[in-house]
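Each chain, written out:
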Amino acid sequence: MTMNLLKQIAGSRLPVTFYRDEDIDGVRLLRAAGLVVALVPSPSNPLSLSGSPSAAQVLAVTQKGREELAKFSYPESRPPRWRNRSPRITAWRRSNASGPPRSADAHTLPQ
């Protein structure tokens, strides 16, 4: 659970804020382990150490956190997304090449 939260944090734009109690507890654990730099609020009642905190904000992933992510091969190596796309100009020319024939008085540029 905590490693999934660390992966989520590493894949997010920082700073990132968490509002759910489970996520706040996870951020607390990650901060205690030295994997992230975070602002975690103290309990609302400091005498009894109880009460729900409102939010936790993660500012950075530490070097130790990056090393832990590397153990789990994160981020996964994958080819860049742009290599899978076909050029739009080529696709446009292909779609217009099979279109209706142009009239003789249409102005065209020499090719």
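As the structure is a prediction and not an experimental result, all values here were calculated from the model. (Residues numbered from 1 in each chain as written. Predicted model: local features only at pLDDT ≥ 70, side-chain atom pairs only at ≥ 80, totals over all residues. Heavy atoms only, no water.)

## With respect to the pairing of strand β2 (residues 36-39)
In step 1: Here β2 shows one buried face, formed by V36 and A38, and one open face, formed by V37 and L39.
In step 2: Across four bridges, β2 lies against strand β3 (residues 56-61) in antiparallel orientation. Looking at β3, one finds that V36 is bridged to V61. (Buried < 20%, exposed > 50% of the residue type's maximum accessible area, 1.4 Å probe, protein only. Helix = DSSP H or I, 4+ residues; strand = E, 2+ residues; numbered from the N terminus. Pairing = 2+ DSSP bridges.)

## Examining the packing of helix α1 (residues 2-10) against helix α3 (residues 63-71)
In step 1: Close contact between α1 and α3 brings their axes to 11 Å; oriented N to C, the two are set at 110°. Taken together, the axes of α1 and α3 are roughly perpendicular relative to one another. The interaxial crossing formed by α1 with α3 has left-handed handedness. Contact with α1, carried on its side by M3, L6, K7 and A10, involves G65, E68 and L69 of α3 and no other residues of that element.
In step 2: Across the contact of α1 with α3, the residue classes break down as four nonpolar, one polar and two charged. (Axes fitted to C-alpha atoms, helices over the stretch in contact; angles between N-to-C directions. Parallel < 35°, antiparallel > 145°, perpendicular 65-115°, else oblique. Left-handed = near helix turned anticlockwise from the far one by under 90°. Contact = heavy atoms within 4.5 Å. Nonpolar A, V, L, I, M, F, W, Y, C, P; charged D, E, K, R; others polar.)

## Here's the deal with the sheet that holds β2
In step 1: Within the open sheet, the three strands sit side by side as β1-β3-β2. Their pairing is antiparallel. Of all the strands in the sheet, the pair left with one neighbour each is β1 (16-18) and β2. Averaged over neighbouring strand pairs, the angle between their axes works out to 30° when direction is ignored.
In step 2: Sheet strands touched by helix α2 (residues 21-32): β1, β2 and β3. Its angle to β2, the strand with the most contacts, is close to 130°.

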